[in-house]
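# An overview of the molecular structure
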Amino acid sequence: MGETLAMDSTFIQPIEHRPKLEPLDSLDEQVPTIDLSISLSRTTHQLVSEIASACQNWGFFQVINHGVSHELLARVEKAARLFFDQPMEEKRKVKRDAANAMGFHDGENTKNVRDWKEVFDFLVKDGTLIPASHEPNDKELRVLCNQWPQYPSGFRETCEEYARELELLAHKLLRLISLSLGLAGADGLKGYFNDEQTSLVRLNHYPPCPSPDLVLGVGRHKDAGALTILAQDGVGGLQVKRKSDGEWIPVKPIPNAYIVNIGDVVQVWSNDKYESVEHRVVVNTEKERFSFPFFFFPAHHMMVKPLEELVNEQNPPKYREYNFGKFFASRNRSDFQKQKVENIQIDHFRLPL
């Protein structure tokens, strides 16, 4: 295997953030698993009802019979293993920087904050436009482009095929979520994800960690986009903060299943009917772990606000409108330098009661 991440004090988490390493079987309640297939005994109405329940009660669910081939996912995992197994100097030939956030990074950034992982990011649409800054009056755009390594052979082609398949699944899930919210047009949200969408795929590698009680693979956070669709291997490690009591619940790996979670954009669209839920990743002492999230992001010019169909006098808008591209640019820039203001969150757009 290539070089692994070194242990240092920047990994140490505050006591309240350290994971409770409980066995999966010790927690009875699990994130729901939803079968996306339709049959004579299982109607679309029943499927939409399950989606609504999962979104309201958990903000997370797993899906099976989703249409993405297991063979393709196996090829992605093989490509990721070969890439991350290279020496660090080879991986850093496609290292991201402040100008282009696509490519390889090893968890370290200019804020001297590190996660116990290494990552390769690539865009669904190569040559994606985003605002040059988060300043409201700044009209300048810049282009993010994919960086592809020379090794392993076929890496780019496999990744691009995977991105196309996950995009199809994302649109299918978006349609079901639209139906679950009672929107008149099931495809009404599709226009937010046009040819200028900012969606991306991430290949995560978590090396074995000598002190899993002291660190996190990824600290607690919420996702900024509309949906995240995650493939995880059999090692597991993802934990979800249960809405009912705030306990951290492990998401048990299910072969050939995808984990789906609601992001900030859907929370705003739904006017808080659905919530973007905190989650984190714990590490393993003996086994390396791989996971592959697909982040479904709107186009840079799209404005996000509570959907008009879902607000009225009894349920007034809870958020003011914001531009997704500016939001994305602010979050992206904060990966590399400390901002003069707090890292932007959707709560900054919440309207007073």
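Residues numbered from 1 in each chain as written. Predicted model: local features only at pLDDT ≥ 70, side-chain atom pairs only at ≥ 80, totals over all residues. Heavy atoms only, no water.

The name that an unreviewed UniProt entry assigns to the protein chain is Fe2OG dioxygenase domain-containing protein, with the source organism given as Citrullus colocynthis. According to the UniProt record, the Sequence similarities (unreviewed entry) comment for the protein chain is "Belongs to the iron/ascorbate-dependent oxidoreductase family." (UniProt positions renumbered as here; feature names shortened; annotations may be inferred.)

### So, the environment of K91
Relative to the elements of secondary structure, K91 occurs in helix α3 (residues 88-91). The class of K91 is buried, set by a relative accessible area of 0%. Through-space distance from the C-alpha of K91 to that of Y151 is 9.4 Å; in sequence the pair is 60 residues apart. A polar atom in the side chain of K91 sits 3.5 Å from the backbone oxygen of Q86. (Helix = DSSP H or I, 4+ residues; strand = E, 2+ residues; numbered from the N terminus. Buried < 20%, exposed > 50% of the residue type's maximum accessible area, 1.4 Å probe, protein only. Polar contact = N/O pair within 3.5 Å; in protein donor to acceptor, adjacent residues only side chain to side chain.)

### A look at the sheet that holds strand β14 (residues 289-296)
Taken in spatial order, the eight strands make up an open sheet running β1-β2-β12-β9-β14-β7-β4-β3, and their pairing is mixed. Edge strands, defined here as strands with exactly one partner in the open sheet, are β1 (33-35) and β3 (103-105). The mean angle between the axes of side-by-side strands here comes to 25°, regardless of whether they run parallel or antiparallel. Pairing of strand β7 (residues 200-206) with β14 involves five bridges; the strand directions are antiparallel. Residue V201 lies in a different strand from β14, and its bridge partner there is F294. The sheet strands contacting helix α1 (residues 44-57) are β1, β2 (60-64) and β12 (258-262), and the helix crosses β1 at an angle near 160°. Sitting on the sheet, helix α4 (residues 155-180) is in contact with β2, β4 (118-123), β7, β9 (227-232), β12 and β14, with an inclination near 130° to β9. (Pairing = 2+ DSSP bridges. Axes fitted to C-alpha atoms, helices over the stretch in contact; angles between N-to-C directions. Contact = heavy atoms within 4.5 Å.)

### Observations regarding the packing of helix α2 (residues 70-84) against α4
Taken N-terminus to C-terminus, the directions of α2 and α4 make an angle of 140°; their axes are 10 Å apart at the nearest point. It follows that α2 is oblique to α4 by the angle criterion. α4 is crossed by α2, and the crossing has left-handed handedness. For the pair α2 and α4, contact is made by L72, L73, R75, V76, A79 and F83 and by F155, T158, E161, Y162 and E165, respectively. (Parallel < 35°, antiparallel > 145°, perpendicular 65-115°, else oblique. Left-handed = near helix turned anticlockwise from the far one by under 90°.)

### Some thoughts on the sheet that holds strand β10 (residues 238-241)
Within the open sheet, the four strands sit side by side as β8-β13-β10-β11. Their pairing is antiparallel. Edge positions in the sheet fall to β8 (218-221) and β11 (248-250), since each of these pairs with one other strand and no more. For this sheet, the mean inter-axis angle between neighbouring strands, taken without regard to orientation, is 20°. Examined bridge by bridge, β10 and strand β13 (residues 279-281) share three bridges and lie antiparallel to one another. Within the sheet, the bridge partner assigned to Q239 lies in β13 and is R280.

### Here's the deal with empty space enclosed by the protein
In this approach the atoms are scanned with a rolling probe the size of a water molecule, which exposes any empty space left behind. Applying the stated rule across the entire model yields one cavity of 30 Å³ or more. For the lining of the largest cavity, the residue count by class is one nonpolar, three polar and three charged. (1 Å grid on protein atoms, 1.4 Å probe; cavity = no way out; pocket = protein on both sides within 12 Å on 5 of 7 lines; lining within 4 Å. Points joined across faces, edges and corners; volume = space filled by probe spheres on them. Nonpolar A, V, L, I, M, F, W, Y, C, P; charged D, E, K, R; others polar.)

### As for the pattern of salt bridges
If you walk through the whole model with that rule in mind, you get 20 salt bridges. Note that E90 and K93 form a salt bridge whose closest N and O atoms lie 3.0 Å from each other. On the basis of relative accessibility, which here comes to 59%, the residue K93 falls in the exposed class. (Salt bridge = Lys/Arg side-chain N within 4 Å of Asp/Glu carboxyl O.)

### Some points on the nonpolar core
Grouped together as the largest cluster of nonpolar side chains are 80 residues, with contacts concentrated most on F120, Y162, L203, Y258 and W269. Considering every element that reaches this core, the biggest residue donor is α4, with 11 residues. (Core = buried A, V, L, I, M, F, W, Y, C linked by side-chain atoms within 4.5 Å.)

### Let's talk about unusual backbone geometry
Put simply, Y151 and P152 share a cis peptide bond, and its omega is 5°. Mapped onto the elements, P152 comes out in the loop between β6 (141-144) and α4. Phi is positive for N256, which is not a glycine, with a value near 60°. Looking at where N256 falls in the secondary structure, it is placed in the loop between β11 and β12. A relative accessible area of 31% places N256 in the partly exposed class.

### Description of α1
Taking 1.5 Å as the rise per residue, α1 with 14 residues should run 20 Å; its terminal C-alpha atoms sit 20 Å apart, in good agreement. Where α1 is buried, its residues contact β1, β2, α4 and β12. The first or second residue beyond α1 is G59, which carries a positive phi of 75°. (Expected span 1.5 Å × (residues − 1).)

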